[in-house]
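# Structural overview
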Amino acid sequence: MAEFAVQSEGRSEGIVIKDDWPGYSLDLFSYPAHYSGDLDCVIIPHGVIMDRTERLARNIMDDLGNHAIVVLCVLKGGYQFCADLVDRIKDLSHNSNRTIPMTVHFIRLKSYLNDESTEDLHILGGEDLSLLAGKGIVGTGKTMKTLLKHVEAFGPKMIKVAGLLVKRVPHSSACVPDYVGFEIPNRFVVGYALDYNEYFRDLSHICVISDTGKMKYKI
Ligand code: HPA
Ligand code: MG
């Protein structure tokens, strides 16, 4: 079996994608034909997401030792990241002498209409939690703060948050995830389960939506 050199990362902002990064041309990748014209560029290709997720799984395993993990997946945008992260943790735990008991739970949040964050955050469904949250995207951190308050009320031993994306937005709170995949510019992104009015969840790469795309799927 291959051995990989792994250094402890500590708390990190993840892979930083700069504001002037133009992304990859869509012509270099395949993506569903029904979205042609609706996207500006690929900002994070699917393979890179998977590679980064594997490393986050390793960091989580290193930090948690042999503690059981209760995963709380934040739907809908976080489902793909959560599923892939849980898979990687399973693989790593399978391939080492440490098996980590893990249960997976789901919570549903909705706060965006078109590309705007709305004030009314809906939390649908709650369970007994002592966990680690798998979350899709952290913008202002407002959603995350509300969710953490909700989760803390259950009195878990330890709470860790994993976020695939953290956006560099003005007025962001100090609420950042413990594990971050990527830090991205303040642009509306879709794909890898992130949606614009429920569209684009069936796109594997993380892409920047175009103005045409926004118009087409506006409600
Ligand atoms: N895309 C999709 N959903 C989101 C985003 C985004 O950029 N930011 C917050 N929720
Ligand atoms: Mg959404």
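Structure report, in brief. All of these numbers come straight from a predicted model, not from anything done at the bench. In this convention, every chain numbers its residues from 1, walking through the sequence in written order. Each chain is given a letter, starting from A, and each ligand a number, starting from 1, according to the order in which they appear as written. A pLDDT threshold of at least 70 governs which residues receive local features in this predicted model, and a stricter bar of 80 or more applies before side-chain atom pairs are shown or counted, although totals over entire chains, interfaces and linings include all residues.

## Notes on the overall build of the protein
For helices the rule is a DSSP run of H or I covering at least 4 residues; for strands it is a run of E covering at least 2, with both sets numbered from the N terminus onward. Tallying secondary structure elements over the protein gives 4 helices and 10 strands in all. Reading the protein from its N end, one meets helices and strands in the order β-β-α-β-α-β-β-β-α-β-β-β-β-α. Pairs at least 24 residues apart make up 67% of the contacts formed inside the protein by residues separated by at least 6 positions. Contacts are defined on C-beta atoms placed from the backbone: any two residues whose C-beta positions lie within 7 Å are in contact.

## Focus on unusual backbone geometry
In this structure, the amide linkage connecting Leu-75 to the following residue, Lys-76, adopts the cis form with an omega of 0°. Of note, the phi angle at Glu-198 is positive, near 80°, even though the residue is not glycine. Summarising the element assignment, Glu-198 is placed in the loop between β9 (189-190) and β10 (206-209). A count of 9 C-beta atoms within 10 Å places Glu-198 in the exposed class. In the Ramachandran plot, Phe-200 falls in the positive-phi region, its phi being about 80° despite a non-glycine side chain. Tracing the chain through its elements places Phe-200 in the loop between β9 and β10. Counting other C-beta atoms within 10 Å of each residue's C-beta, where C-beta atoms are placed from the backbone, gives the exposure class: buried for 20 or more, exposed for 12 or fewer, partly exposed between.

## Observations regarding the pairing of strand β8 (residues 179-184)
The buried count for β8 comes to 5 of 6 residues, which makes it a mostly enclosed element. Two strands pair when backbone bridges link them, and strand β1 (residues 15-16) and β8 are joined in this way by 2 bridges, in the parallel orientation. Note that in β8 the partner of Ile-15 across the bridge is Phe-182. Bridge count for strand β7 (residues 160-167) against β8 is 5 bridges, and the pairing is parallel. Looking at the pairing, Ala-162 lines up with Tyr-179 of β8. A pair of strands is labelled paired if DSSP reports no fewer than 2 bridges between them.

## A look at the environment of Ile-44
Tracing the sequence through the fold places Ile-44 in strand β2 (residues 39-44). Take Ile-44: there are 23 C-beta atoms within 10 Å of it, and that puts it in the buried class. When the C-alpha positions of Ile-44 and His-150 are compared, they lie 31 Å apart, and in sequence the two are 106 residues distant.

## Examining helix α1 (residues 46-64)
By definition here, a helix of n residues has an expected span of 1.5 Å times n minus one. Between the first and last C-alpha of α1 there are 27 Å, a value that for 19 residues agrees with the 27 Å anticipated at 1.5 Å per step. Among the residues of α1, Ile-49, Thr-53, Leu-56, Ala-57 and Ile-60 are the ones counted as buried. Looking straight down α1, one finds its buried side chains confined to an arc of 110°; they lie on one side. Exposed and facing more than 90 degrees away from the buried side of α1 are Gly-47, Asp-51 and Asp-62. The arc under discussion is defined with respect to the helix axis, by the directions toward the C-beta atoms.

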